[in-house]
Amino acid sequence: MRSVVFSRYGEPADVLTVTEVPRAEPDAGEVRLRMTARPVNPSDLLLVRGRYGRRASFRPGPHGGPATAPVGFEGAGVVDKAAPCTPWLPGDRVAVSATGTWQEYLNVPAGELVGIPDALPDDLACQMTVNPPTANLLLDDLGLDSGEVLLQTAAASAVGRMITTLARRRGIRCVGLVRRLRPPPDPPDPDVLQVRADPADEARERIAAFAGARGVTAAVDAVGGPTGELALHCLRDGGRMIVYGMFSDTPIPLSPDLLVFRGITVEGFWLPQRLGRLLPEETGELTRRVTEQLTHRHLDASVARRYDLAEVKRAVLHSENDSGGGKTLLVN
């Protein structure tokens, strides 16, 4: 079977290769999936660059070849073969969060699969375990009330669009810092402001005018660098910022007076760690909520382009150069 791997950390377009590996039989309690679709997410590329929260699992290659590591953290597929005493049958459609989804077949523990409703196509189902839970949990953690103002960087990204949609359903007013402005919806929403992050002074003025006397209560940042710094300085006294990404690969300059005199708090968010703190019933409720949101098209999980696994280098380049045009998928 085909599998996307890398043998050293580096730029994905430089180090990713497609190789043939044996298709393994499922062990006890496992299910073998025939993968059908996988999104290209920033976390996938961070792993390849050696900047993710966990190290890649390099293992010796076949016939004494160099050690390689698999790629991909989520996807959708069809049960190909199930070990005895598992609740899945061949042909069942499922979504999965597991390492190594960028290959044609994948063995995973049966308990890690999520059934896909008939009304949910693979293009959407393959995206259900990373971005939608991130958007939901970020808003849950912030606990903003209706009428409060939320500022976010990378607002045109997949997660950013989902955060805006979910926030507006809660009555939260939204400001999005973006690299380039997108056409507003028709009719426009008066409680959503789109602002270019550069020039910063002009952005701050527009955000202050939009937020009014109440100010910006909270921010979520996936960019870092000067854009993250701008978001920090737009917060009202006592405001809160959650950092969940690092698109710019640049640290956020943090002046101590923001913490000492203005009472602003800054914290990080990593989805695997956050999910690990959920009780089983909370995990089930989150899965139910996300499935419903995607099935009823309450979230924008649009697809920009599909690439075959053999075109993985083109796919990652398209994913990183596209801005807000939808998700790039790898398909068979």
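Our subject is the structure listed above.
Residues numbered from 1 in each chain as written. Predicted model: local features only at pLDDT ≥ 70, side-chain atom pairs only at ≥ 80, totals over all residues. Heavy atoms only, no water.

**Focus: the sheet that holds strand β2 (residues 17–20)**
In a beta sheet, neighbouring strands pair by backbone hydrogen bonds and run either parallel or antiparallel. Strand order in this open sheet of three strands is β2-β1-β4, and the pairing throughout is antiparallel. The strands lining the two open edges of the sheet, one partner per strand, are β2 and β4 (69–70). Examined bridge by bridge, strand β1 (residues 2–6) and β4 share two bridges and lie antiparallel to one another. Paired with F6 across the strands is A69, a residue of β4. (Pairing = 2+ DSSP bridges. Helix = DSSP H or I, 4+ residues; strand = E, 2+ residues; numbered from the N terminus.)

**Focus on the packing of aromatic side chains**
Evaluation of the coordinates by the stated rule reveals five aromatic pairs. Relative to F58, the ring of Y9 lies with its centre 5.4 Å away and its plane at 85°, an arrangement referred to as edge-to-face. Taken together, the residues span a long stretch of sequence, with Y9 in the loop between β1 and α1 (12–15) and F58 in the loop between α2 (42–49) and β4 at a distance of 49 residues. Its relative accessible area of 26% is what places Y9 among the partly exposed residues. The class of F58 is partly exposed, set by a relative accessible area of 30%. In this structure an aromatic cluster arises from ring pairing among F6, Y9 and F58. One residue, R173, lies across the ring of F210, its end atom 4.1 Å from the ring centre. (Phe/Tyr/Trp six-rings, centres within 6.5 Å; stacked < 30°, edge-to-face > 60°. Buried < 20%, exposed > 50% of the residue type's maximum accessible area, 1.4 Å probe, protein only. Lys NZ or Arg CZ within 6 Å of the ring centre and 35° of its normal.)

**What to know about the layout of surface pockets**
Over the atoms rolls a probe the size of a water molecule, and its path tells where empty space is left. Approximately 800 Å³ is the volume found for the second largest pocket. The wall of the second largest pocket is formed by 33 residues, among which S3, V21, R59, P70 and Q103 lie closest to the centre. For the lining of the second largest pocket, the elements supplying multiple residues, two or more each, are β1, β3 (30–39), β4 and β7 (105–109). Of all the elements, β7 adds the most residues to the lining of the second largest pocket, at three residues. Here the residues of the lining of the second largest pocket sort into 15 nonpolar, 11 polar and seven charged. (1 Å grid on protein atoms, 1.4 Å probe; cavity = no way out; pocket = protein on both sides within 12 Å on 5 of 7 lines; lining within 4 Å. Points joined across faces, edges and corners; volume = space filled by probe spheres on them. Nonpolar A, V, L, I, M, F, W, Y, C, P; charged D, E, K, R; others polar.)

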